[in-house]
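Structural features, examined
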Amino acid sequence: ARRFFYAFDYEHKGSLCLSDVHRAVTYAFLQDTVVPEPEEVDDVFDYIVRSRDPSLIYPSGRLTVSEFLRLLF
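All of the points below concern the structure found in this document. Treat the numbers as computed from the prediction; the structure is a model and nothing was measured.

A word on the packing of aromatic side chains
This structure, assessed with the given rule, holds 7 aromatic pairs. Ring geometry for Phe8 and Tyr10: centres 6.5 Å apart, planes at 80 degrees, overall edge-to-face. Here Phe8 and Tyr27 contribute two aromatic rings whose centre-to-centre distance is 5.9 Å and whose plane-to-plane angle is 55 degrees, an arrangement assigned as tilted. Of this pair, Phe8 sits in the loop between α1 (2-7) and α2 (18-28) while Tyr27 sits in helix α2, and the two are 19 residues apart along the sequence. With relative accessibility at 52%, the residue Tyr27 sits in the exposed group. An aromatic cluster of three or more residues is present, and its members are Phe4, Phe5, Tyr6, Phe8, Tyr10, Tyr27 and Phe68.

As structure tokens, then:
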């Protein structure tokens, strides 16, 4: 899972921006007949960012490995 995550981390920041997440989700579902709509990915991305613990430091507008896995699954 980590290798998959880092394969889409084009900026080598250890986190994924929304466009990276869209590319990763599209690739992950390449062989499936049902692919999440971009709007669904946007909604889950936004939900994860909004539900973060405000006392912790996160990369702004980007997902960490564990957050990305939550979105993917």
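Structural notes on the side chain of Arg52
Relative to the assigned elements, Arg52 resides in the loop between α3 (38-50) and α4 (65-72). Given a relative accessible area of 14%, Arg52 falls into the buried group. Engagement of the side chain of Arg52 in a polar contact is seen with the backbone oxygen of Arg62, the distance being 2.2 Å. Leave out the neighbours within four places in its chain, and Arg52 touches Tyr58, Pro59, Arg62, Leu63 and Glu67.

Comments concerning the nonpolar core
Leu16, Val21, Val25, Leu63, Phe68 and Leu71 are the most contacted members of the largest nonpolar core, which has 14 residues in total. Elements with a contribution of two residues or more to this core: α2, α3 and α4. By residue number, the principal contributor to this core is α4, which donates 4 residues. Those residues within four positions of Val21 in sequence are excluded, and the remaining contacts are Leu16, Val41, Phe45, Leu63, Phe68 and Leu71.

Some points on the pattern of salt bridges
Counting across every chain of the model gives 6 salt bridges. In this structure, Asp20 engages Arg23 in a salt bridge whose closest nitrogen and oxygen atoms are separated by 2.5 Å. Note that Asp20 and Arg23 are positioned in helix α2 at a spacing of 3 residues, about one turn of the helix. Relative accessible area serves as the criterion here: at 37%, Arg23 is assigned to the partly exposed category. Of the charged contacts in the structure, one is a salt bridge between Arg62 and Asp20, with a shortest N-O distance of 3.9 Å. Here the residue Arg62 occupies a position in the loop between α3 and α4, and Asp20 occupies one in helix α2, the gap between them amounting to 42 residues. Take Arg62 and Asp20: they sit in the same class, and that class is buried.

Definitions and limits used
- Residues numbered from 1 in each chain as written.
- Predicted model: local features only at pLDDT ≥ 70, side-chain atom pairs only at ≥ 80, totals over all residues.
- Heavy atoms only, no water.
- Phe/Tyr/Trp six-rings, centres within 6.5 Å; stacked < 30°, edge-to-face > 60°.
- Helix = DSSP H or I, 4+ residues; strand = E, 2+ residues; numbered from the N terminus.
- Buried < 20%, exposed > 50% of the residue type's maximum accessible area, 1.4 Å probe, protein only.
- Polar contact = N/O pair within 3.5 Å; in protein donor to acceptor, adjacent residues only side chain to side chain.
- Contact = heavy atoms within 4.5 Å.
- Core = buried A, V, L, I, M, F, W, Y, C linked by side-chain atoms within 4.5 Å.
- Salt bridge = Lys/Arg side-chain N within 4 Å of Asp/Glu carboxyl O.

Distances and angles like these do not, on their own, reveal function.
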